[in-house]
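Descriptive analysis of the structure
For reference, the chains in residue letters:
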Amino acid sequence: MALKSSPLVQGVLTPKVVGALLVGLLLGTLVFGVVLPSSARGAASSGAYQRPYPLPHQYWARTDEFYVFASGGQQGGLYVYGVPSMKYLSEIPIFNPDQAWGWTPEEPKVRKMLTNPWTEEVVTRGDTHHPSLSRTNGVYDGRWLFINDKLHPRIARVDLDTFRTGQILWLPNGNGGDHGLSVSPNSDLLVQNFEHEQVPDPAITQHLGLTVDLLKGPYVGAFSGVNIASDGAMSNAWQVWGPWGFDMVRIGWGKSDGWIVSTSYNTERALSAVPMFARDHDYAFFWNIASIRKAVADGKYVTTKQAPDVPVVSWKDVEVYVTPIPLNPHGIDISPTGKYVMTSGKATTLVVAIDFEKTLEAIQNKRFIGDDFGIPILDPDAVRAATMDLGMGPTHIEFDNQGYAYVGFFVDSDIKKVPLGEPYTRLHNKEPWKVVDVLPAHFSVGHLLVPGGDTAQPYGKYVISMNKLTKDTFLPHGPLESENHELYNIEQVPAQLIDQMPLGPETHYSQAIPASLVAPRVKTTYTEARAVAAEKPRVEYDYAAREVRVHMTVVRSFFTPDAFTVPEGWKVKTRLVSQETAMDISHGFALDGYNLSVSLDPGEVKDVEWVADKPGVHWFYCIWFCSELHMEMRGRAIVVPQADWTPDKETHLAS
Ligand code: K7E
Ligand code: CUA
Ligand code: CA
């Protein structure tokens with residue numbers, strides 16, 4: 001019998017039904033089948049992939065193999081979930097404030113990160129697209145994750161010991177529209193493309209020798225190089241500007257070490273959608289990193305008033321090549337040895353595999369078929385390993401550990417599995433570049449991932465498809481629907497779809513990293529509070545600065561002090577010191593009627609500044625259910641009307 005018609009599900013517990021259930025209990029399994037979900041009954045059938053988590057206690061044992069960090073798109077940060085359980089773990093707020101995850105600009109550290117250094121605007125809208133996990137020798141190392149905001153010219157570093165944003169770096173000379181981001185094999189360089197063409201500082205257009213009209217264009221494109229120090233600190237290194245906007249990007253490794261590969265879909269330099277399809281091809285770019293550094297060292301650059309320390313280099317002064325790629329390419333991805341660079345014409349059925357060894361030879365032998373803006377155009381016949389006609393709307397590509405590429409198709413709503421050429425044929429013994437499996441998706445594949453699938457050593461085993469559309473896959477939840485992450489086991493052909501998970505709109509790229517590389521480094525408490533442990537709670541009044549400074553300790557289940565007075569209009573600097581040392585015991589400080597809520601993790605110290613401009617009693621309260629006295633964990637900020645204030649109303653704590 002189907003679950004749908006089970007009396008329990010319908011909630012019709014009439015005496016007759018209860019009686020039948022009692023009979024069922026007495027008879028054991030015979031009637032029990034009625035109330036078991038069909039999936040639980042089906043798990044024992046032979047050949048089916050066994051979900052590894054039939055029972056909760058096995059999940060408590062924390063046996064997931066991978067963490068997935070999924071870009072949140074308009075959510076402005078990351079979603080985190082486990083694989084293969086597909087269980088949602090948390091979110092990491094980055095560019096958008098999110099008090100549910102303790103990320104609010106009331107905290108000066110957060111506020112500073114969200115502030116545009118040039119305009120001093122606090123920017124609270126972001127659009128994350130491309131996470132790139134830090135790596136050592138081309139392999140994930142579990143230290144950090146870097147990610148861009150498409151809406152503003154800024155990138156962030158997330159620290160994987162705290163799952164919190166540690167730095168936001170603003171990129172100069174542009175308004176945003178940043179797209180592809182990639183980290184180098186040893187995490188010392190990061191490249192961020194500007195997909196949207198810009199009208200830059202006149203010093204830049206002059207240096208490029210191009211003219212840009214604000215109304216009529218054509219505008220110019222750029223990518224930023226960012227240095228990453230050994231402690232993860234990011235700093236602007238240089239920018240390269242050229243005639244086009246640049247879309248996706250990878251910094252090469254192995255056979256393509258020392259090169260940046262990227263795509264552009266708008267080599268027409270068009271200003272609206274239809275003319276962006278005017279040419280039957282656009283380009284893949286190959287940029288030599290050493291030549292960019294040499295141009296900087298040789299002084300071939302300009303700087304701008306906004307960023308006097310960041311050299312801006314012209315494409316003319318660096319070593320760069322292009323090769324034609326059919327109609328509007330998007331993703332560009334590199335195989336594990338660094339040999340194959342794969343891309344595709346988004347508006348075609350064609351997928352191109354470029355052999356990077358052949359590309360270097362073609363450069364050496366000047367196998368050019370012309371130039372565009374002075375950039376040599378490499379002969380496609382000289383650089384391609386294959387041009388495959390595979391299906392509608394090829395978009396992004398990942399790689400496994402068995403020598404296969406996985407190409408996602410937006411229009412076909414599937415993923416095609418394709419064997420790579422040498423040196424991978426000994427792994428799969430297949431004729432290269434011919435589809436061996438088709439993974440159906442529900443629906444419209446955007447990005448896809450294989451764990452480690454953008455590194456020198458993919459882990460394989462799974463593919464996750466990040467589908468843009470769900471249609472009727474899940475319960476209706478309003479006109480704006482979630483997206484669908486689908487998990488496939490790829491150890492066999494055909495691959496098996498083993499789970500689906502709705503996730504908020506809309507993820508772009510995501511990466512999966514072995515749990516063993518991250519879980520051991522995750523902190524459960526902070527140690528900052530130890531440094532101020534000796535300081536006693538106190539309230540200080542500074543009449544000259546019109547400022548009250550409150551030094552407050554926070555521990556289950558008390559704020560000390562739990563009441564203080566403030567003259568109306570004064571600034572209140574509140575230092576919160578968590579004295580907790582136990583894991584999972586976070587508190588918080590939310591102030592009634594003041595648009596203020598901060599989270600305070602165990603052992604953490606936070607400063608909150610606010611202006612006491614609303615007279616009256618304002619309760620502050622703890623925001624997390626920390627003990628059975630959680631609701632009582634509150635106190636009063638008493639804002640005394642200016643006219644009524646006298647110094648005898650100051651709060652003095654008994655010492
Ligand atoms: Cu959505 Cu990588 Cu921004 Cu393609 S991008 S899907
Ligand atoms: Cu502290 Cu609730
Ligand atoms: Ca185009």
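Residues numbered from 1 in each chain as written. Chains lettered and ligands numbered in written order. Predicted model: local features only at pLDDT ≥ 70, side-chain atom pairs only at ≥ 80, totals over all residues. Heavy atoms only, no water.

Let's shift gears to the coordination of the calcium ion (ligand 3). Tetrahedral coordination by four donors sets the ideal angle at the metal to 109.5 degrees; octahedral coordination by six donors sets it to 90 or 180 degrees. Surrounding the calcium ion (ligand 3) are the protein donor atoms Tyr-265 (O), Glu-268 (OE), Glu-268 (OE), Met-276 (O), Asp-282 (OD), Asp-282 (OD) and Asn-328 (OD1), at 2.3 to 2.7 Å. Read from N- to C-terminus, the donor residues coordinating the calcium ion (ligand 3) fall into the pattern Y-x2-E-x7-M-x5-D-x45-N. Residue Tyr-265 is found in the loop between β13 (259-264) and β14 (281-288), and its partner Asp-282 is found in strand β14; the two are separated by 17 residues along the sequence. Judged by its relative accessible area of 17%, Tyr-265 falls in the buried class. (Donors = N, O, S within 2.8 Å, 3.2 Å for Na, K, Ca; no water. Helix = DSSP H or I, 4+ residues; strand = E, 2+ residues; numbered from the N terminus. Buried < 20%, exposed > 50% of the residue type's maximum accessible area, 1.4 Å probe, protein only.)

Turning to the nonpolar core, a few remarks are in order. The biggest cluster of nonpolar side chains holds 43 residues, and the ones touching the most others in it are Phe-223, Trp-238, Ile-260, Phe-285 and Trp-287. Discounting chain neighbours no more than four positions away, the residues touching Phe-285 are Trp-244, Phe-246, Ile-260, Val-261, Ser-262, Thr-263, Ser-264, Val-320, Tyr-321, Val-322 and Ile-375. (Core = buried A, V, L, I, M, F, W, Y, C linked by side-chain atoms within 4.5 Å. Contact = heavy atoms within 4.5 Å.)

Attention shifts here to the site of ligand 1. Residues in close proximity to ligand 1 include His-129, His-130, His-179, Met-248, His-330, His-396, Gly-446, His-447, Lys-468 and His-508, which together make up its full environment. Looking at the shell around ligand 1 residue by residue, the classes come out as one nonpolar, eight polar and one charged. Here the shell around ligand 1 spans two domains, and each of domain 1 (178-382) and domain 2 (390-505) adds at least three residues to it. (Near = heavy atom within 4 Å. Nonpolar A, V, L, I, M, F, W, Y, C, P; charged D, E, K, R; others polar. Domains from an automatic or database assignment.)

Here we take up the sheet that holds strand β31 (residues 510-514). Taken together, four strands build an open sheet; the order of strands is β3-β2-β1-β31 and the sheet is antiparallel. Every other strand in the sheet has two partners, leaving β3 (87-92) and β31 as the edge strands with one partner each. Neighbour-to-neighbour, the strand axes of this sheet turn through a mean angle of 25 degrees, independent of strand direction. When strand β1 (residues 66-71) meets strand β2 (residues 78-83), the two strands line up antiparallel, connected through six bridges. Residue pairing in the sheet places Phe-66 in a bridge with Val-83 of β2. (Pairing = 2+ DSSP bridges. Axes fitted to C-alpha atoms, helices over the stretch in contact; angles between N-to-C directions.)

If you walk through the whole model with that rule in mind, you get 31 salt bridges. Between Asp-454 and Arg-135 there is a salt bridge whose closest N-O contact spans 3.2 Å. Remark: Arg-135 occurs in strand β4 (residues 132-136) and Asp-454 occurs in the loop between β27 (445-449) and β28 (462-467); sequence separation between them is 319 residues. Here the two residues Asp-454 and Arg-135 agree in accessibility, since each one is buried. Between Lys-606 and Glu-604 there is a salt bridge, with its nearest N and O atoms 3.9 Å apart. Glu-604 matches Lys-606 in its accessibility class, with the two residues each being buried. Overlapping salt bridges, with partners in common, bring together Glu-535, Arg-538, Glu-540, Asp-542, Glu-547, Arg-549 and Lys-573 in one network. (Salt bridge = Lys/Arg side-chain N within 4 Å of Asp/Glu carboxyl O.)

For the rest of this paragraph, the subject is the sheet that holds strand β19 (residues 350-355). Taking strand neighbours across the sheet as the criterion, the four strands line up as β17-β18-β19-β22 in an open arrangement whose pairing is antiparallel. One side of each edge strand has no neighbouring strand; the edge strands of this open sheet are β17 (329-334) and β22 (384-389). Adjacent strand axes in the sheet meet at a mean angle of 15 degrees when their direction is disregarded. Where strand β18 (residues 340-345) and β19 come together, five bridges link them in antiparallel fashion. Within β19, the position partnered with Ser-344 by the bridge is Val-351. Packing against the sheet, helix α9 (residues 356-364) makes contact with β18, β19 and β22, and its axis sits at approximately 65 degrees to β19.

Here the focus is the domain arrangement of the protein. On domain assignment, one finds that the protein holds domain 1 (178-382), domain 2 (390-505) and domain 3 (528-649). Using only C-alpha atoms to locate each centre, domain 1 and domain 3 end up separated by 51 Å.

So, about helix α8 (residues 289-297). By the burial criterion, the buried members of α8 are Ile-289, Ser-291, Ile-292 and Ala-295. Along α8, the residues classed as buried sweep out an arc of 165 degrees about the axis, all on the same side. Summarising the geometry of α8, the exposed residues directed more than 90 degrees from the buried face are Ala-290, Lys-294 and Ala-297. At the N-terminal boundary of α8, the capping side chain belongs to Asn-288, with an oxygen 3.0 Å from the backbone nitrogen of Ala-290. (Arc of directions from axis to C-beta. Polar contact = N/O pair within 3.5 Å; in protein donor to acceptor, adjacent residues only side chain to side chain.)

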